[in-house]
Amino acid sequence: MEHRDGRDYALWSIAILLVVIFALIPVLWLISISLKPPAELADQHFIPSSISFDNYKSLFEGGISDSPFIKPLINSIGIALITTVISIVLASFAAYAIARLEFPGKRLILAGALAIAMFPPISTVGPLFDMWRALHLYDTWLGLIIPYLTFSLPLAIYVLVAFFREIPWELEQAAQVDGATPFQAFTKVIVPLAAPGVFTAAILVFIFCWNDFLFAISLTSSDASRTVPAALAFFTGESSFTAPTGSIAAAAVVVTVPIIIFVLIFQRRIVAGLTAGAVKG
Amino acid sequence: MTVNAPANPNPPEAAPTKASSRTRSERKLAWMLCAPAVVAMLLVTAYPIAYAVVLSLQNVDLRFPEENSFAGLSNYATVLTSSLWWTDVFNTVFLMVTTVAIELVLGMAIALVMHRAIFGRGVVRTSVLIPYGIITVVAAFAWQFAFAPETGFVNNLPLISDEMDWFGGRFSSFAVIIMAEVWKTTPFMALLLLAGLVTIDDQLYEAARVDGASAWQRFTRITLPLMKPAILVALLFRTLDAFRVFDTIFIMTRGALETESVSILGYNQLISRLNLGLGSAVSVLIFICVFLIALLFVRGFGAKLDEGRPGG
């Protein structure tokens, strides 16, 4: 047995190590490129031989008006946050009704949400492009918030329904029996129980908006509303002779590291949210 | 899909008329609560897809706005008889099948590691969530820089030719695109599979072990059959997601050297060439393809969507 345990231990260590390397390499590589001085960019080494922060400095040079990065960063954060708030409010209403009330059409709503989750966004890009130009929504925050809302709602509704079904709603009545008003029963008992689920759904919706590229390049044309993924695709070098590789890598690190830290802090919640409703149980 | 919460907290002795009016008000409340979300979901799907159908039946080119006219099915004929469309369909299906197949194997392996590991489960879960948190465009750049002959470290690795021009050929470009896609989306697959894995009763494995089943037999005779529903749902969502592949190809090749996907074709027609008629015909055809794939999974393989969830 001793021998077998030792071998198992070694095999598991290798398996785990492989997974960790697989996950980390691209991130470490981006950090490495972003820190390489331009002259060493082409040295093909995974680890930079000297470190420079010039790429990061160039991102923020010129302040909000001249920096190619600050305005898209503001757009990304603003659009994702606004969408998340609206999406979570609307999805909470719907999920509460679906999890707690009995009404015809419940299954239809769930099926419809599922259908929208499978819907190919490219199929709406042309009509939206045409409509948004007529409605003056093209290249505005609202022009992106509306499609993000539509495509994030199914995700939010499914996650929230799964969480809301786990809430022991009887507690609300128990609190009322104990003399709490309906409002107190809701805010003191139900809200704290529902908060983790709502927070989880909010993280997933935020990441969904933060990640979008197709709508971001199709429905925007300038820094007025272009988000980070779209801006990265249109990055140019300092001059027409320098490749923007270093700046792209630095910008990528700036938008990636905070999200990764956030994801790792709330990893249990995210795993629960991502798999919510995946299996009955 | 059962509802755990008491639907009607009224005691049974309540008068029937009162109960039904209560049911009615409950229905009304439910619909009022759902209405905003339903409207918001339909706003950017139902109406635009109908509008796309209308556009696809017309000659609409925003560069020549005065030449709009009814086109009938000629846009569809143009798309379906062009070799570009069929090349792109092949590319999309090829990428979809390869990435999803690799992901299923890798995802299952990672799920088993997370489920069975004697130690280090937390480390594995932490690391698989990293790709999930990264913007697809950023991941595409990371892999592109890694494989680019000028800047990348990949050609510097042993066993790989220093001269290898990954983005100089169609299938070598595909290899990098597949690598980036697999890296980005395997965690989602692994987590969905893990959720199915934890529902399997451990006693089944114990019983099989007592009966002398090998680890491989336990996997193929117990794990796989019991996980079929979870696997099908995970496959359905990932397949549809993979069919829409856009970001990675746009960043890496922009569709050059016959690496275009159908979504890139739609984007080029709609946004780059402003040919809304032709582009909308492509959009509608993509919509039909997605519908057929979903139908194949639900009807053909019996995927139970009740247990499904929208992709993250």
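What counts, and at which threshold
- Residues numbered from 1 in each chain as written.
- Chains lettered and ligands numbered in written order.
- Predicted model: local features only at pLDDT ≥ 70, side-chain atom pairs only at ≥ 80, totals over all residues.
- Helix = DSSP H or I, 4+ residues; strand = E, 2+ residues; numbered from the N terminus.
- Rg over C-alpha atoms; globule rule 2.2 N^0.38 Å.
- Buried ≥ 20, exposed ≤ 12 C-beta atoms within 10 Å, placed from the backbone.
- Contact = placed C-beta atoms within 7 Å.
- Nonpolar A, V, L, I, M, F, W, Y, C, P; charged D, E, K, R; others polar.
- Domains from an automatic or database assignment.
- Expected span 1.5 Å × (residues − 1).
- Bend = angle between axes of the 7 residues up to and from the residue.
- Core = buried A, V, L, I, M, F, W, Y, C linked by C-beta atoms within 7 Å.

## Some thoughts on the overall build of chain A
What chain A contains, in helices and strands, is 13 helices and 0 strands. Against the globule reference of 19 Å for 281 residues, chain A gives a C-alpha radius of gyration of 24 Å, more extended than a compact globule. Looking at chain A as a whole, 47% of its 281 residues are labelled buried. By sequence separation, contacts in chain A at least 24 residues apart represent 72% of the contacts at least 6 residues apart.

## So, the interface of chain A and chain B
Listed as interface residues are 92 residues of chain A and, on the opposing side, 95 residues of chain B. With 13 residues, the single largest contributor to the side of chain A that touches chain B is helix 1 (residues 2–35) of chain A. A per-class count over the side of chain A that touches chain B returns 70 nonpolar, 16 polar and 6 charged.

## A few points about the domain arrangement of chain A
Residues and elements named next belong to chain A. One can read the domain layout of chain A as domain 1 (2–52) and domain 2 (61–274). Inter-centroid distance (C-alpha atoms) of domain 1 to domain 2 is 31 Å. Contacts between domain 1 and domain 2 engage 8 residues on the former and 8 residues on the latter. Tallied by class, the residues present in the side of domain 1 that touches domain 2 amount to 6 nonpolar, 1 polar and 1 charged.

## Description of helix 7 (residues 141–166) of chain A
Residues and elements named next belong to chain A. Over its 26 residues, helix 7 extends 36 Å from the first C-alpha to the last, a length consistent with the 38 Å expected when each residue adds 1.5 Å. Of all the bends in helix 7, the greatest reaches close to 35 degrees and is centred on S152; the proline P154 follows between one and four positions later. Of all 26 residues that make up helix 7, 23 are buried, and the element is covered over most of its length.

## Here's the deal with the nonpolar core
With 168 residues, the main nonpolar core has A91(A), A94(A), I157(A) and L193(B) as its most contacted residues. The leading source of residues in this core is helix 7 of chain A, at 17 residues. Taken domain by domain, the makeup of this core includes at least three residues from each of domain 1 (2–52) and domain 2 (61–274) of chain A. Residues within four places of L193(B) in sequence aside, it is in contact with G107(B), M108(B), A111(B), M227(B), A230(B), I231(B) and A234(B).

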